[in-house]
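This is what each chain is made of:
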Amino acid sequence: MTVRTQQSLGIRLAIFCWAGAIAFSLDQLTKRWVLSNIPAGSRRPFIPGVLDLFHVQNDGAAFSIGSGRPLFFAALTAVVVLGMMYIVMREKNLPYPLIAILGLVAGGGIGNGLERVAHGSVTDFLATTFMNFAIFNVADIFVTCGIIAACIYWFVWDSKKRAGKNDGEASERESGANKENDEDGEKDGEKDGEVARG
């Protein structure tokens, strides 16, 4: 994981938007399939012992957290997405993988946000069978896993960036000290020469 040089705003936004479009498309395609093939409240086996497809409508946040405030969660999603876009625009050295991760988070958030605005709820359909866990959807996966991955990547990248900056400052100080020593040596040599001539 290396710190990149400054990249153009167009490239950063393109990566962010393309990643977002991929996450949004996958989320919408899976939801449309569930709406067309699985009646609300119905369950179908998917991965034995791991996942079932269980169609429910959720008017809360990710993983059915909170309920009854779809517009609030939609507005919160908009603020978060705009915040991530601001970071991508402001941080000129942001690594491409991190930009892509933020785009996936944004795409998943937009997928759920638009559905909340349009229908007042989101379509959840992934239900774990090996543990008691909230029912979720593809957008929830992108948002939750993406945030975790982005936090880890940001921490590692920022640490490397700070370490590189400190190494650069130390090198500059060492270079400056060596230059001063060289200048002092030259002055001493000139004085010795003058004494010898005298």
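Provided above is the structure to which this section pertains.
Please read all numbers here as calculations on a predicted model, not as lab measurements.

## Looking at the sheet that holds strand β1 (residues 43-47)
Okay, step 1: Ordered in space as β1-β2-β3, the 3 strands form an open sheet in which the pairing is antiparallel. At either margin of the open sheet sits one strand with a lone partner, and together these are β1 and β3 (122-128). Between one strand axis and the next, the sheet turns by 35 degrees as a mean value, whatever way the strands run.
Okay, step 2: Where strand β2 (residues 51-58) lies against β3, 6 bridges are found, and the strand directions are antiparallel. When the sheet's bridge partners are listed, Leu-51 is paired in β3 with Thr-128.

## Observations concerning the pairing of β1
Okay, step 1: Where β1 and β2 come together, 4 bridges link them in antiparallel fashion. Considered in β2, the bridge of Arg-44 is made with Leu-53.
Okay, step 2: Where β1 folds back onto β2 in an antiparallel hairpin, the turn is made up of 3 residues, including Gly-49, whose phi is positive at roughly 80 degrees.

## Observations regarding a nonpolar patch on the surface
Okay, step 1: Judged by side-chain polarity, Phe-46, Ile-47, Val-50, Phe-130, Met-131 and Phe-133 come together as a nonpolar surface patch covering roughly 550 Å² of accessible area.
Okay, step 2: Along the chain, Phe-130 turns up in the loop between β3 and α4 (138-197).

## A look at the nonpolar core
Okay, step 1: Core analysis: the largest hydrophobic core is formed by 14 residues, its most contacted members being Phe-16, Met-84, Val-88, Leu-94 and Leu-102.
Okay, step 2: Broken down by secondary-structure element, the contributors of at least two residues to this core are α2 (70-90), α3 (96-119) and α4.
Okay, step 3: With 6 residues, α3 is the largest single contributor of residues to this core.
Okay, step 4: Residues contacting Leu-102, with those up to four places away along its chain left out, are Phe-16, Met-84, Val-88, Leu-94 and Ala-150.
Okay, step 5: Ile-38, Leu-126, Phe-136 and Val-138 belong to the second largest nonpolar core, which has 10 residues in total.

## A word on helix α1 (residues 9-37)
Okay, step 1: Under the 1.5 Å per step criterion, the end-to-end length of α1 is 42 Å for 29 residues, consistent within 8% with the ideal 42 Å.
Okay, step 2: When α1 is considered as a whole, its buried residues turn out to be Arg-12, Phe-16, Ala-19, Gly-20, Ala-23, Asp-27, Lys-31 and Val-34.

So, how was this worked out
- Residues numbered from 1 in each chain as written.
- Predicted model: local features only at pLDDT ≥ 70, side-chain atom pairs only at ≥ 80, totals over all residues.
- Heavy atoms only, no water.
- Pairing = 2+ DSSP bridges.
- Helix = DSSP H or I, 4+ residues; strand = E, 2+ residues; numbered from the N terminus.
- Axes fitted to C-alpha atoms, helices over the stretch in contact; angles between N-to-C directions.
- Patch = residues over 30% accessible without salt bridge, like charges linked within 9 Å, V, L, I, M, F, W, Y side chains within 5 Å.
- Areas by Shrake-Rupley, 256 points an atom, 1.4 Å probe, with all protein chains shown as cover.
- Salt bridge = Lys/Arg side-chain N within 4 Å of Asp/Glu carboxyl O.
- Core = buried A, V, L, I, M, F, W, Y, C linked by side-chain atoms within 4.5 Å.
- Buried < 20%, exposed > 50% of the residue type's maximum accessible area, 1.4 Å probe, protein only.
- Contact = heavy atoms within 4.5 Å.
- Expected span 1.5 Å × (residues − 1).

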